[in-house]
Amino acid sequence: TTTVDSTLNEDKREFMGKAHSISTQQLELGKLAVEKGKTEQVRDYGQQMVDIYSKKLDELQDISKRYSVTLPQQMEEDHAGRVQELRDKNTDEFDRAYWETVVDAHKEALQQFEDNVKDVEETDNTTFNLWARNMGKEIRAQMENAMRFRQDYKN
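Residues numbered from 1 in each chain as written. Predicted model: local features only at pLDDT ≥ 70, side-chain atom pairs only at ≥ 80, totals over all residues. Heavy atoms only, no water.

1. Description of the nonpolar core
- M16, Y98, F113, F128 and W131 are the most contacted members of the largest nonpolar core, which totals 42 residues.
- Going through the elements one at a time, helix 1 (10-36), helix 2 (40-66), helix 3 (77-87), helix 4 (91-117) and helix 5 (127-154) are the ones with two or more residues in this core.
- In terms of residue count, the dominant contributor to this core is helix 4 (eleven residues).
- Apart from the residues lying within four places of it in its own chain, the contact partners of Y98 are L29, G30, A33, V42, Y45, G46, M49 and L86. (Core = buried A, V, L, I, M, F, W, Y, C linked by side-chain atoms within 4.5 Å. Buried < 20%, exposed > 50% of the residue type's maximum accessible area, 1.4 Å probe, protein only. Helix = DSSP H or I, 4+ residues; strand = E, 2+ residues; numbered from the N terminus. Contact = heavy atoms within 4.5 Å.)

2. Here's the deal with the packing of aromatic side chains
- Under the defined criterion, the tally for this structure stands at ten aromatic pairs.
- Ring geometry for F113 against W131: centres 6.1 Å apart, planes inclined by 50°, an arrangement best described as tilted. Here F113 is found in helix 4, whereas its partner W131 is found in helix 5, with 18 residues between them in sequence. Comparing F113 with W131, the two get one shared label, buried.
- Plain terms: the ring middles of F128 and W131 are 6.0 Å apart, the flat faces sit at 15° to each other, and that makes the pair stacked. (Phe/Tyr/Trp six-rings, centres within 6.5 Å; stacked < 30°, edge-to-face > 60°.)

3. So, unusual backbone geometry
- Its identity is not glycine, yet S68 carries a phi of approximately 55°, on the positive side.
- In this structure, S68 sits in the loop between helix 2 and helix 3.

4. Some thoughts on helix 2
- The terminal C-alpha atoms of helix 2, which comprises 27 residues, lie 39 Å apart, in line with the 39 Å expected from a rise of 1.5 Å per residue.
- Inspection of helix 2 places V42, Y45, G46, M49, V50, I52, Y53, K56, L57, L60, I63 and S64 among the buried residues, and these make up the whole buried set. (Expected span 1.5 Å × (residues − 1).)

The structure is reproduced here in structure tokens:
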């Protein structure tokens, strides 16, 4: 059951914007993998990221409306920079760089989400808290997959 809550403290409002930037970054990294990946593994994983993060961004958009929070129109500078750096890789180095980039992005995102939800009581089932907890679990799972793929690529 979800507690209907129309209020959100300032830290949560701020994190909602950061979560939007993180999710947009993951979506854009996925699009690049689909577009530029040489191996099927990179392209398939990228498509998975597009599918997951498109859905998560839609959910976050709905939640932000419920809380009357305006989400940023652009990614934060470090997220946009990471996407641009990968976009600039040539075809021969793209797949290796993709795995490194996506693992780093997931690690950073997971840390941000864990820092945000660590003080939230498990019984605090407001819409955004549930979304953030579930998103943290999703990020962890995707990071572990990316780490396995990166290891396979190195071998």
